[in-house]
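Coordinate inspection notes
Chain by chain, the residues run as shown.
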Amino acid sequence: MRKYRVEQYWHQRAVHLLAALDHQTGCVLSQTRVDCKTNEAKAVFDLFKTLVLKGKAIIGDAMCCQRDICEETVDSDGDYFFTVKENQPTLLKEIQLAFAETEGFSPLATTRNGSGRKEASTLCKGHGRVEHRRLITTTMLNEHFDWPGMKRACKIIRTTTHKLPVARRETSTHKNLKQQVKRDEVR
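Residues numbered from 1 in each chain as written. Predicted model: local features only at pLDDT ≥ 70, side-chain atom pairs only at ≥ 80, totals over all residues. Heavy atoms only, no water.

Some thoughts on the nonpolar core
By size, the foremost hydrophobic cluster in this structure holds 30 residues, and its most contacted members are Phe 82, Leu 91, Ile 95, Leu 141, Trp 147 and Met 150. Elements with a contribution of two residues or more to this core: β1 (17-21), α2 (40-48), α3 (67-75), β4 (79-83), α4 (89-98) and β7 (152-161). Here this core takes 5 residues from α2, the largest share from any one element. (Core = buried A, V, L, I, M, F, W, Y, C linked by side-chain atoms within 4.5 Å. Buried < 20%, exposed > 50% of the residue type's maximum accessible area, 1.4 Å probe, protein only. Helix = DSSP H or I, 4+ residues; strand = E, 2+ residues; numbered from the N terminus.)

Here it is as structure tokens:
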């Protein structure tokens, strides 16, 4: 039997896995290895091959916000909810414009605040802080922006008050979920 020194393995690359998690049970439904020559966005398709997407909602971070991943999800009769960041600059800019607050008179104000816009909020107190969350959604981009399966764009605004100054964080997302946002689902 050959003896190995710990230092011999110190610089080896760790196994990188991408997993599908059931948020209700906390169980891993499936996982796939991410090749060291690629990233998670390419491994998503291998993971999708092991899952039934029909009727399921895929929730992911900005890495998942890729046109081909959205197309695959919609083509498999699934829904998605992905965060949008700088990796999709045009989509991010359009979402930011859709939620921009207008001052004074603007013909766009009636479109932005039209019937496709909904809002819900929650107020949570505990652990020495107060957190106010606002969820604003719009369907305004559906007609004007070509993105696979986009049904609604969302903006989440969290304002947390501690005994110290206020912290505010905004997140832009888009989704193709068919369900309507209900006040009690925002929590």
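So, the pattern of salt bridges
For side chains of opposite charge, pairing can occur when their charged atoms come near one another. Taken as a whole and judged by the stated rule, the model has 3 salt bridges. Here Asp 46 makes a salt bridge to Lys 49, at a shortest N to O gap of 3.8 Å. Overall, Asp 46 belongs to the partly exposed group, its relative accessible area being 38%. The class for Lys 49 is exposed, based on a relative accessible area of 69%. (Salt bridge = Lys/Arg side-chain N within 4 Å of Asp/Glu carboxyl O.)

Some words on a negative patch on the surface
A contiguous patch of negative charge on the surface is contributed by Asp 68, Glu 71, Glu 72, Asp 75, Asp 77 and Asp 146. Along the chain, the position of Glu 71 falls in helix α3. (Patch = residues over 30% accessible without salt bridge, like charges linked within 9 Å, V, L, I, M, F, W, Y side chains within 5 Å. Areas by Shrake-Rupley, 256 points an atom, 1.4 Å probe, with all protein chains shown as cover. Lys, Arg positive; Asp, Glu negative; His and termini not counted. Charge placed at Lys NZ, Arg CZ, Asp CG, Glu CD.)

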